[in-house]
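Listed below are the residues making up each chain.
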Amino acid sequence: MELWNLLTSESVQGFIEEALSKRMDALQISTRLNKDGYSNEERAAIMDYMALVPKFHEKFFDDTERKGKFLLCDRLALEQSTAKDIGRWKSRLWPSEGSVNDLCCGMGGDSLFLPHSLKITGVDLDENRLAMYRYNMLAIENDIDTLCADVRSVDKSADYFTIDPARRALEGENQRDLRNLTPTLEEVIEISKRYKGGMAKLPPGYPPAEIPDGTEILYLGGHSDCRECLVLFGALAKNPDTIRAVIIGKSGETLAEWCRKRDRSLETLDDDLQEKLDKNDSLEGKDRTYRTATSKSDLPLGELDKYIAEPAPVLIRSHLFNAAALACDPSAHLISEGIAYVTSSIPLPAPGFSCYEVIAHAEIATGAVRTMLKEHNIGKITLKLRGVKQDPDAEIKRLKPKGKESATLFYTRAYGEKVAILAKKVTNDR
């Protein structure tokens, strides 16, 4: 806490503003801090914090808002927090009146974007995080309360709740078991029964079959990512038992949205498919089953057509890419089961799809691919992989492309067999 008092002092924050504006390097910063009489421990703390300042400026504030804005956080708290684009989009889901408990509030990443008209209480079991939370809410002039408690034992005390269960035990440790949340989803469901409504932020890959009926499930992200699976409970679930995929712009606006009624048969694998997946390690080539991104709701299989497209990650996670593709081209289909590359006779539009016009294709063999690149004068390639294991950098070096043109090279599968597809990005998506 003493170090935090140091970091939040006017002298240190004034120096950080000066150092960032002058773009001082590490040696200049250390020399200046030493000259100003700071100890080794204090210099280390200030420099560690300085590394976070541009990151939280970028994550939470627009360019015009950054000057003089300081938040209190550590690296882990910052990584786990919701960024401004999704935070602003989610803020529209709340009513204009009432009270909210921000459970597992951490540094306050969710409360930063809650409407100020709501009465907000931050709840956390970690006093250090609550100190961060109080400082940060004061920094954005939001009057809040705090409570140090286990969120599982908190009485209702509010109309609504928001919760972001912990997914990492230690700083820098990536939690691979998606079900290993604190509190668990089962506990979150029990917590939800105490409130009119609320929202829970889950990892994008969380098994949807475990999410209860009566909720609304949203997959949120940008053009190239799916950052969270948001589950709405009670009064906040305006469209219960539906699944939405939303691509969100930098300012928090909706760029595109798709929706479907929930179908639990799409959320679990049948026994036959599960048995095939279990046997994959002992199989080779076309006998393997590839389930890299899709479910039983896959499009039909067919031959490679004029275009190949990558669905946006939110469409893949929500299993909505098939309906989105068919809405644009009724003949759209896959070229291999379980791999989310869609082929079509017309370009599939952005932002739901990144679409490429097919130039040529060949078997994945160094000689065959080199010949294909040479025939089309390709010297610069971007390599994309699905259903094929390769080191992209090593493969590009091995191919030694020498032409003047650039293109995208897909290493994937057609009917289970490896195939290299050469294509160029479609820039006039409709």
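This next bit is on the sheet that holds strand E15 (residues 405-414). Where strands meet in a sheet, backbone hydrogen bonds hold them as pairs that are either parallel or antiparallel. Taken in spatial order, the 7 strands make up an open sheet running E11-E12-E10-E13-E16-E15-E14, and their pairing is mixed. Across the chains shown, the open sheet's two edge strands, defined by having one partner strand only, are strand E11 (333-334) and strand E14 (378-385). In this sheet, E15 lies alongside E14 in parallel orientation, the contact comprising 7 bridges. Paired with Leu 385 across the strands is Tyr 411, a residue of E15. Against the sheet, helix H11 (residues 321-328) engages strand E10 (307-311), E11, strand E12 (342-344) and strand E13 (353-362), with an angle of about 80° to E13. The strands touched by helix H13 (residues 392-399) within the sheet are E14 and E15, with E14 carrying the most contacts at an inclination of about 150°.

Moving on to the sheet that holds strand E2 (residues 119-124). Taken in spatial order, the 9 strands line up as E3-E2-E1-E4-E5-E7-E6-E8-E9 in an open sheet, and their pairing is mixed. Looking at the sheet topology across the chains shown, the edges are occupied by strand E3 (144-148) and strand E9 (254-261). Averaged over all neighbouring strand pairs, the angle between strand axes comes to 20°, with direction disregarded. As paired strands, strand E5 (residues 197-202) and strand E7 (residues 228-234) are joined by 6 bridges and run antiparallel to one another. In the sheet register, Leu 202 faces E7, and the bridge partner there is Cys 229.

A few words on the confidence of the model for the chain. On average, residues of the chain score 88 in pLDDT, and 89% of them are at 70 or above. Looking at the elements of the chain, mean pLDDT is at its lowest for helix H9 (residues 271-279), recorded as 49, and at its highest for strand E6 (residues 216-221), recorded as 98. Of the regions scoring below 50 in pLDDT, residues 276-295 engages in 42 contacts with residues more than four places distant in sequence or in other chains.

A word on the pairing of E10. The buried fraction of E10 is high, at 5 of 5 residues. Here E10 runs beside E12; their pairing, made up of 3 bridges, is antiparallel. When the sheet's bridge partners are listed, Ala 309 is paired in E12 with Val 342. Across 5 bridges, the pairing between E10 and E13 is antiparallel. Directly across from Pro 311, in E13, lies its bridge partner Phe 353.

Here we come to unusual backbone geometry. Of the consecutive residues Thr 182 and Pro 183, the connecting peptide bond is found in the cis state with omega at -5°. Position of Pro 183 relative to the elements: it lies in the loop between strand E4 (160-163) and helix H8 (185-192). The peptide bond linking Ala 350 to Pro 351 adopts the cis configuration, its omega dihedral lying at 0°. Within the secondary structure, Pro 351 is located in the loop between E12 and E13. Of note, Cys 104 is a non-glycine position whose phi angle comes to about 55°, a positive value. Its place among the elements puts Cys 104 in the loop between strand E1 (99-103) and E2. Phi is positive for Asn 377, which is not a glycine, with a value near 60°. One can find Asn 377 in the loop between helix H12 (366-375) and E14. The class for Asn 377 is partly exposed, based on a relative accessible area of 34%.

Turning our eyes to something else, we now look at the packing of aromatic side chains. One pass over the structure, following the stated rule, counts 7 aromatic pairs. Aromatic side chains Phe 60 and Phe 113 sit 6.4 Å apart centroid to centroid with 45° between the ring planes, which places their arrangement in the tilted category. Of the two residues, Phe 60 sits in helix H4 (residues 40-60) while Phe 113 sits in the loop between E1 and E2, which places them 53 residues apart along the sequence. Grouping residues by exposure puts Phe 60 and Phe 113 together as buried. For the ring pair Phe 161 and Phe 233, a centre distance of 5.9 Å and an interplane angle of 45° mean the geometry is tilted. Linking Phe 161 in strand E4 with Phe 233 in strand E7, this pair joins segments that are 72 residues apart in sequence. With respect to class, Phe 161 is no different from Phe 233; both count as buried.

For the rest of this paragraph, the subject is empty space enclosed by the protein. One pass over the structure, following the stated rule, counts 2 cavities of 30 Å³ or more. Taken as a whole, the largest cavity encloses approximately 70 Å³ of empty space. Around the largest cavity, the lining residues are Gly 87, Lys 90, Ser 91, Trp 94, Asp 110, Phe 113, Leu 114, Thr 162 and Met 199. Among the residues forming the lining of the largest cavity, the class breakdown is 4 nonpolar, 3 polar and 2 charged. Approximately 30 Å³ is the volume found for the second largest cavity. If you go around the second largest cavity, the residues you meet are Pro 208, Tyr 219, Ile 243, Arg 260, Glu 267, Arg 317, Ser 318 and His 319. Across the lining of the second largest cavity, the residue classes break down as 3 nonpolar, 2 polar and 3 charged.

Time to look at the side chain of Gln 13. Within the secondary structure, Gln 13 sits in helix H2 (residues 10-22). Judged by its relative accessible area of 12%, Gln 13 falls in the buried class. Of the polar contacts made by the side chain of Gln 13, one reaches the backbone oxygen of Leu 7; its length is 3.4 Å. Setting aside residues up to four positions removed in sequence, Gln 13 forms contacts with Leu 7, Thr 8, Tyr 49, Phe 70 and Tyr 135.

Membership of the largest hydrophobic core comes to 54 residues, with the highest contact counts inside it found for Ile 46, Phe 56, Phe 60, Trp 94, Leu 220 and Leu 232. Top element by residues in this core is H4. It accounts for 7 residues. Not counting chain neighbours up to four residues away, the residues in contact with Phe 60 comprise Glu 65, Leu 71, Leu 78, Ser 81, Thr 82, Lys 84, Arg 88, Met 107, Gly 109, Leu 112 and Phe 113. Among the nonpolar cores identified, the runner-up in size contains 46 residues, and Leu 181, Ala 312, Ile 316 and Ala 324 belong to it.

Conventions used here
- Residues numbered from 1 in each chain as written.
- Predicted model: local features only at pLDDT ≥ 70, side-chain atom pairs only at ≥ 80, totals over all residues.
- Heavy atoms only, no water.
- Pairing = 2+ DSSP bridges.
- Helix = DSSP H or I, 4+ residues; strand = E, 2+ residues; numbered from the N terminus.
- Contact = heavy atoms within 4.5 Å.
- Axes fitted to C-alpha atoms, helices over the stretch in contact; angles between N-to-C directions.
- pLDDT = per-residue confidence, 0-100.
- Buried < 20%, exposed > 50% of the residue type's maximum accessible area, 1.4 Å probe, protein only.
- Phe/Tyr/Trp six-rings, centres within 6.5 Å; stacked < 30°, edge-to-face > 60°.
- 1 Å grid on protein atoms, 1.4 Å probe; cavity = no way out; pocket = protein on both sides within 12 Å on 5 of 7 lines; lining within 4 Å.
- Points joined across faces, edges and corners; volume = space filled by probe spheres on them.
- Nonpolar A, V, L, I, M, F, W, Y, C, P; charged D, E, K, R; others polar.
- Polar contact = N/O pair within 3.5 Å; in protein donor to acceptor, adjacent residues only side chain to side chain.
- Core = buried A, V, L, I, M, F, W, Y, C linked by side-chain atoms within 4.5 Å.

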